[in-house]
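# Coordinates in review
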Amino acid sequence: MKIRRAQSADANSVVALYQSLVGTPGCPWHEDYPTLENAQSDISSSSLYLIEDETDKILAVASAVEETDLDTFECWNRQVTNWRSLSRVAVRQAAQGRGLAQTLISAIIDALSERESVGLRLLVSQDNLSALALYKKLGFKQVGQCFAYGADWDCYELILSK
């Protein structure tokens, strides 16, 4: 297995992975989200990370993007000003339960710590029990709940440095 940043050539495979999870338990995605444009934007900003196997098949992906969409929610720690949003975390169904999401998110946390990002935040579906357990295990703290994008979410954050 290899962890690396996604490249332009990976975009279609990333979207195929996203779409393969639509309709699975806890997954709030639908046929119109996430899109190829989401993947391309994350790749162009060097924010999309992946794990691939020895045959170069993508097993897991996650993005840690600079964005301000979440700034409007009151729950976030206001002393932290340099946030990345963890989003579009996906593990191929056949590879789930092997710790790949934990491995990938831990690598992202390490990479962000090196880049002096001070916080990582996310919205997670309240129905995604495995993701909720993982984020707690990784040290994320629930700081609130919100309604956005037509759904209820739990808000989590991890402060990497001060």
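For clarity, every value in this text was computed on a predicted model and none was experimentally measured.

Criteria and cut-off values
- Residues numbered from 1 in each chain as written.
- Predicted model: local features only at pLDDT ≥ 70, side-chain atom pairs only at ≥ 80, totals over all residues.
- Heavy atoms only, no water.
- Helix = DSSP H or I, 4+ residues; strand = E, 2+ residues; numbered from the N terminus.
- Buried < 20%, exposed > 50% of the residue type's maximum accessible area, 1.4 Å probe, protein only.
- Contact = heavy atoms within 4.5 Å.
- Core = buried A, V, L, I, M, F, W, Y, C linked by side-chain atoms within 4.5 Å.
- Pairing = 2+ DSSP bridges.
- Polar contact = N/O pair within 3.5 Å; in protein donor to acceptor, adjacent residues only side chain to side chain.
- Phe/Tyr/Trp six-rings, centres within 6.5 Å; stacked < 30°, edge-to-face > 60°.
- Lys NZ or Arg CZ within 6 Å of the ring centre and 35° of its normal.
- Disulfide = S-S within 2.5 Å.

Within the secondary structure layout, Cys155 lies in strand 7 (residues 151-159). A residue is classified by how much of its surface remains accessible, and Cys155, at 0% relative accessible area, is buried. Along the chain, Cys155 and Ala101 lie 54 residues apart, while their C-alpha atoms are 18 Å from each other. Ignoring anything within four residues of it in the chain, the contact list for Cys155 reads Cys75, Trp76, Leu122, Leu123, Lys141, Gln142, Val143, Gly144, Gln145 and Cys146.

Attention now goes to the side chain of Ser87. Within the secondary structure, Ser87 is located in strand 4 (residues 83-91). In this view, Ser87 contacts Ala62, Ser63 and Val65; residues no more than four positions away in its chain are not counted.

Now for the environment of Leu100. Looking at where Leu100 falls in the secondary structure, it is placed in helix 3 (residues 100-114). Exposure remark for Leu100: the relative accessible area of 3% places this residue in the buried category. With 99 residues separating them in the primary sequence, Leu100 and Met1 have C-alpha atoms 9.8 Å apart.

In this section: the nonpolar core. Judged by nonpolar contacts, the single largest core of 28 residues is most densely connected at Leu86, Ile105, Ile108, Tyr135 and Phe140. When contributions to this core are tallied by element, the ones reaching two or more residues are strand 2 (48-52), strand 3 (58-65), strand 4, helix 3, strand 5 (119-125), helix 4 (129-137) and strand 7. Residue contributions to this core peak at eight residues, all from helix 3. If sequence neighbours within four positions are ignored, Tyr135 has contacts with Leu86, Val89, Ile105, Leu122, Val124, Phe140 and Tyr156. Val15, Leu17, Ala39 and Ala90 belong to the second largest nonpolar core, which has 16 residues in total.

So, on to the pairing of strand 2. The element strand 2 is largely enclosed, with a buried count of five among its five residues. Of the two faces of strand 2, the one carrying Leu48, Leu50 and Glu52 and the one carrying Tyr49 and Ile51 are both buried. In this sheet, strand 2 lies alongside strand 1 (residues 2-5) in antiparallel orientation, the contact comprising four bridges. Within strand 2, the position partnered with Arg4 by the bridge is Leu50. Two successive antiparallel strands, strand 2 and strand 3, enclose a turn made up of five residues, where Asp56 displays a positive phi of approximately 70°.

Bringing the side chain of Asp10 into the picture now. Relative to the helices and strands, Asp10 resides in the loop between strand 1 and helix 1 (11-20). A distance of 2.7 Å separates a polar side-chain atom of Asp10 from the backbone nitrogen of Gln7. The contact partners of Asp10, leaving out residues within four places of it in the chain, are Arg4, Leu50 and Ile58.

Right, let's talk about the packing of aromatic side chains for a bit. Evaluated as defined, the whole model comprises three aromatic pairs. Ring centres 6.2 Å apart and planes at 50° place the aromatic pair Trp76 and Trp83 in the tilted group. A ring pair is formed by Tyr135 and Phe140, whose centres lie 5.5 Å apart and whose planes are at 65°; its orientation type is edge-to-face. Comparing Tyr135 with Phe140, the two get one shared label, buried. Directly above the aromatic system of Trp76 lies the positively charged group of Arg121, at a separation of 5.2 Å from the ring centroid.

With that out of the way, let us pick up the state of the cysteines. If you walk through the whole model with that rule in mind, you get zero disulfides. The structure places no disulfide on Cys146, whose sulfur is separated from the nearest cysteine sulfur, that of Cys155, by 3.7 Å. For Cys146, a relative accessible area of 10% corresponds to the buried category.

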